[in-house]
Amino acid sequence: MKALIETIVTPLVDFPEDIKVTETEEEAKIVYHLTVNQQDVGKVIGKNGRIAKAIRTVVYAAKSDAKKRIYLDIM
Amino acid sequence: MRQITASGQTVDEAVQSALEQLNTTRDQVEVEVIDEGKKGLLGVFGSKRAIVKVTILKNPIEEAEKYLKEVIRNMGVEAEITGSIEGNHITFDVTGEKIALLIGKRGQTLNALQYLTHLVINKDKKQYYTVTVDAEGYRARRKETLETLAIRMAEKALHLQKVVELEPMPAYERKIIHSVLQTRDDVSTYSDGVEPHRHIVIKP
C-alpha cells in the first residue's frame, strides 16, 4: 500500500526525495500519512483538491491485505 | 547520459557527433546551438568550430504508460496496457483480470487513473496531450448507457412537463448526453452547478 502511494505521487512532484509515507494502525482503520516538500503541496492537492481526490480514489480501490478501512491523510 | 555538448566543423556535424555519442536519433533530442562556428579564411585561418548542446527528450507517452502500469501493478491487479496515439490524443487500453476493481463505481477509479496519467503526461508542458484510459471497452459501454439514459430522461421531462436533473458527471460524459439531445427540438439541455457537482438539466 505504501508502495502504491509512492508510485502515484513520485512523478507528480518536483522533489521526489522529500516524499514520506507513514503508516499508523488504529482500531478500525489504517491511516497513511503522506507528506511532500513544501513547494509540492499544491501538486498533490490540486485545484479544489482534485488531485488529492483522484489519489484517494485509486488508493481506496486497491485491495489491501488487512481487513481494516484505509484512510489517506495528505500533509 | 541525458545531455551532451559536442563540436564539429559545422552545426550539422556537431549535432551528428552528439547523436552518435548519445546513441539516439534527431527526433528524440532537443538541440541548442551555442556557437554556429566560422569557416575562416581558406578554411584554415580564424575558423571556429560549431558547438551545440543536445538534450535527450523524455518521451512523455512512454513515461505515462510506465506510470499507469506501475500504479495498476501496485494496486494488486494483473493487467496488460496497450497505448495508441492519434494526433495529441492518447488512448490507453487496459485488459486483464479483476478489471472491475480498476473501473470502480460509475468508472470513478478509471477516471481517477485517467486524470493522474493526464497530469504525468502534461507535467513538462512542452506539448499538450489529452488522455483516455479505457478498460475492456468500458467507455464504449458507458456511452451506450448514457445515450439510452438521455433519451429516457428526455421522455420523462416531456411526460411530466418538468425539468429533470441528472446526477453529477464528468465533462465528457455530459457531452455525450448533450450531443444526443442536441438534435431534438422538444427538449433543451444545459449544465448546472460547479465542478465536481456539475450536472445536466433537461428542460422540456
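Everything below is about the structure shown above.
Rules behind the numbers
- Residues numbered from 1 in each chain as written.
- Chains lettered and ligands numbered in written order.
- Predicted model: local features only at pLDDT ≥ 70, side-chain atom pairs only at ≥ 80, totals over all residues.
- Heavy atoms only, no water.
- Axes fitted to C-alpha atoms, helices over the stretch in contact; angles between N-to-C directions.
- Helix = DSSP H or I, 4+ residues; strand = E, 2+ residues; numbered from the N terminus.
- Parallel < 35°, antiparallel > 145°, perpendicular 65-115°, else oblique.
- Left-handed = near helix turned anticlockwise from the far one by under 90°.
- Contact = heavy atoms within 4.5 Å.
- Nonpolar A, V, L, I, M, F, W, Y, C, P; charged D, E, K, R; others polar.
- Core = buried A, V, L, I, M, F, W, Y, C linked by side-chain atoms within 4.5 Å.
- Buried < 20%, exposed > 50% of the residue type's maximum accessible area, 1.4 Å probe, protein only.
- Buried area = accessible area lost by both parts, 1.4 Å probe.
- Salt bridge = Lys/Arg side-chain N within 4 Å of Asp/Glu carboxyl O.

Q: Would you mind going over the packing of helix H3 (residues 50–61) of chain A against helix H4 (residues 108–121) of chain B with me for this structure?
A: Packed helices, taken two at a time, are described by the angle their axes make and the gap between the axes. Packing of H3 of chain A against H4 of chain B brings their axes to within 9 Å, and their N-to-C directions diverge by 125 degrees. As summarised for this structure, H3 of chain A and H4 of chain B are arranged oblique, according to the angle between their axes. H4 of chain B is crossed by H3 of chain A, and the crossing has left-handed handedness. Of the residues in H4 of chain B, those in contact with Arg50, Ile51, Ala54, Ile55, Thr57, Val58 and Ala61 of chain A of H3 of chain A are Gln108, Thr109, Ala112, Leu113, Tyr115, Leu116 and Leu119 of chain B. Looking at side-chain class alone, the contact of H3 of chain A with H4 of chain B contains 10 nonpolar, three polar and one charged residues.

Q: Explanation requested: the nonpolar core in the structure shown.
A: Formed by 52 residues in total, the largest nonpolar core has its most connected members in Ile8, Val9, Leu34 and Ile55 of chain A together with Met75, Phe92 and Leu116 of chain B. Not counting residues up to four positions away in its chain, the partners in contact with leucine 34 of chain A are Ile5, Val9, Ile19, Lys20, Val21, Leu72, Asp73, Ile74 and Met75 of chain A. In terms of nonpolar packing, the next biggest core, distinct from the first, is built from 14 residues, Ala150, Met153, Ile176 and Ile202 of chain B among them.

Q: Please clarify how the interface of chain B and chain A should be interpreted in this entry.
A: How large an interface is tends to be reported as the accessible area lost when its parts come together. On the chain A side, the residues contacting the 18 residues of chain B number 18 residues. For the pair chain B and chain A, the summed buried area comes to about 1,600 Å², and 72% of that belongs to carbon and sulfur atoms. On the surface where chain B and chain A come into contact, there are one salt bridge. Taking the shortest distance from any N to any O, the salt bridge between lysine 123 of chain B and aspartate 14 of chain A comes out at 3.1 Å. Residue assignment for the side of chain B that touches chain A shows that the elements contributing at least two residues are helix H2 (60–74) and H4 of chain B. The element that contributes the greatest number of residues to the side of chain B that touches chain A is H4 of chain B, accounting for eight residues. Considered class by class, the residues forming the side of chain B that touches chain A number 11 nonpolar, four polar and three charged.

Treat this as a map of the structure, not an account of what it does.
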